[in-house]
Structures are given as structure tokens and as C-alpha cells.
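# Residue-level structural notes
Now for the letters of each chain:
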Amino acid sequence: MDLSVLALQAVNITLYVIDKATGGALEKAGSDVLDFLRKRFQDRLQIERVKEEPKLLQAAIVSEAESDKKFQEDLERLVNRYQQLQNTSNVSQTTESGVNQNLNSNSGTVIGQQIGKQFFR
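Residues numbered from 1 in each chain as written. Predicted model: local features only at pLDDT ≥ 70, side-chain atom pairs only at ≥ 80, totals over all residues. Heavy atoms only, no water.

### Focus: the overall build of the protein chain
Which entries qualify depends on this criterion: Segments assigned H or I by DSSP are reported as helices when at least four residues long, segments assigned E as strands when at least two residues long, and all are numbered from the N terminus. Exposed residues in this analysis have more than 50% of their type's maximum accessible area, buried residues have under 20%, and partly exposed residues fall in between, with area computed by a 1.4 Å probe over protein chains only. Throughout, a residue-residue contact means that at least one pair of heavy atoms, one from each residue, lies within 4.5 Å. Note on areas: Shrake-Rupley, 1.4 Å probe, and residue coverage restricted to the protein chains presented here.
Counting secondary structure elements, the protein chain contains four helices and two strands. Ordered by position from the N terminus, the helices and strands of the protein chain form the series α-α-α-α-β-β. Here the protein chain holds 121 residues, and the buried ones make up 31% of them. In the protein chain, the proportion of contacts linking residues at least 24 apart, taken out of those at least 6 apart, comes to 57%. Total accessible area on the protein chain is roughly 8,200 Å²; 48% of this is exposed by carbon and sulfur atoms.

### Structural notes on the pattern of salt bridges
Applicable threshold: The salt bridge definition used is simple: a Lys or Arg side-chain nitrogen within 4 Å of an Asp or Glu carboxyl oxygen.
Scanning all chains against the criterion turns up nine salt bridges. Residues D32 and R81 are paired through a salt bridge, measuring 2.8 Å at the closest nitrogen-oxygen approach. Taken as a pair, D32 in helix α2 (residues 24–40) and R81 in helix α4 (residues 69–88) lie far apart in primary sequence, 49 residues in all. A single salt-bridge network, built from bridges that share partners, covers R40, R44, E64 and D68.

### Some details on the nonpolar core
The cut-off we apply is this: The nonpolar core is taken to be a set of buried Ala, Val, Leu, Ile, Met, Phe, Trp, Tyr and Cys residues, with the residues joined through side-chain atoms within 4.5 Å.
In terms of nonpolar packing, the biggest core is built from 26 residues, with L37, F41, I47, L57, I61, F71 and L75 touching the most fellow members. At the level of elements, α1 (3–19), α2, α3 (54–67) and α4 are the ones that each hand at least two residues to this core. When residues of this core are assigned to their parent elements, the largest contribution, seven residues, is made by α1. Beyond its immediate stretch of four places on either side in the chain, F41 contacts I47, L57, A60, I61, E64 and F71.

### Details of the packing of aromatic side chains
Heads up, the condition is: Centres within 6.5 Å are what make two rings of Phe, Tyr or Trp a pair, Trp counting through its six-membered ring; a difference in plane orientation under 30 degrees is then read as stacked, over 60 as edge-to-face, and the rest as tilted.
For the coordinates displayed, the defined rule picks out two aromatic pairs. Between F36 and F71, the aromatic rings sit 5.4 Å apart at their centres with planes inclined by 15°, giving stacked as the arrangement. Taken as a pair, F36 in helix α2 and F71 in helix α4 lie far apart in primary sequence, 35 residues in all. Exposure remark for F71: the relative accessible area of 1% places this residue in the buried category. Relative to F71, the ring of F41 has its centre 6.1 Å away and its plane inclined at 75°; by these criteria the two rings are edge-to-face. Placement of the pair is F41 in the loop between α2 and α3 and F71 in helix α4, with a sequence separation of 30 residues. With respect to burial, F41 and F71 carry one shared label: buried.

### Structural notes on the environment of G30
Relative to the helices and strands, G30 is located in helix α2. On the accessibility criterion, G30 (0% relative accessible area) is buried. Here the alpha-carbon distance between G30 and N12, two residues 18 residues apart in the chain, equals 9.8 Å. Setting aside residues no more than four positions away along its own chain, G30 makes contact with I13, V17 and Y82.

### Some points on the confidence of the model for the protein chain
As a note on interpretation, predicted positions should not be read in detail where pLDDT is low. Selection rule: Think of pLDDT as the predictor's per-residue confidence, scored from 0 to 100.
Counting all residues, the mean pLDDT for the protein chain is 77, and 69% of those residues have values of 70 or more. When mean pLDDT is taken per element in the protein chain, α3 scores highest with 92 and strand β1 (residues 91–93) scores lowest with 51.

Below you can see the structure in the form of C-alpha cells.
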């Protein structure tokens, strides 16, 4: 992943976690990114100030990743995990009949998904 994209994604996740507590696996994955960045920049940068100056954290991440490939790999792994959970957690059904379904990256079978094989009376 490109360093600037990685840094931007990490900043966005950090902002999201600081602002919201949504619960579940997605919050845990976001907290892992936040904790990782807090530990890494412990005495050099206040992560909570990211709301005021997100570019500061983004620049710090890029700088750190350029000098430490292990940091980049670990952060990339955490960001990818967060994104995977985010992509699979958006399953919704909005009508009683099941017509309006939003199934982002659902790996299972959804009722009504195989309409071509059903007979209606």
C-alpha cells in the first residue's frame, strides 16, 4: 500500500474511533489502530489532537514508515483488518418484503438471493 494512502487510512480510522464508540469487532479493530499509533508516538505526538490537525499525524506516519518498514507492515496489517471488517459488516434489509437489500461483501447466502430457482404462485 502506498505510504500516503496508508497514512490517510490510519488517520481516518483514528478519527472515527476517537469520535464514535460503535461496539463490536469494527470498534476493536479501530481501537487496535489507535493503540498502535498511541504507543508508537507516545512522547512525540498527542493522538487526540488529530481532530484539530489530521495532517500532522499523517505526516508523522509517513515519516515513521519511511524509516521503519516493520512499523509500516504492522500498521498496514491493522488497517487492512479494519477495512475487511468494515466491508463485511454492512448487511441490511430495509423492507418487509426483502426487496431492498444492501449486501456489501457478504460471504453467505441471503434469503431470496436465488430467486431464479423459485416458483411463485
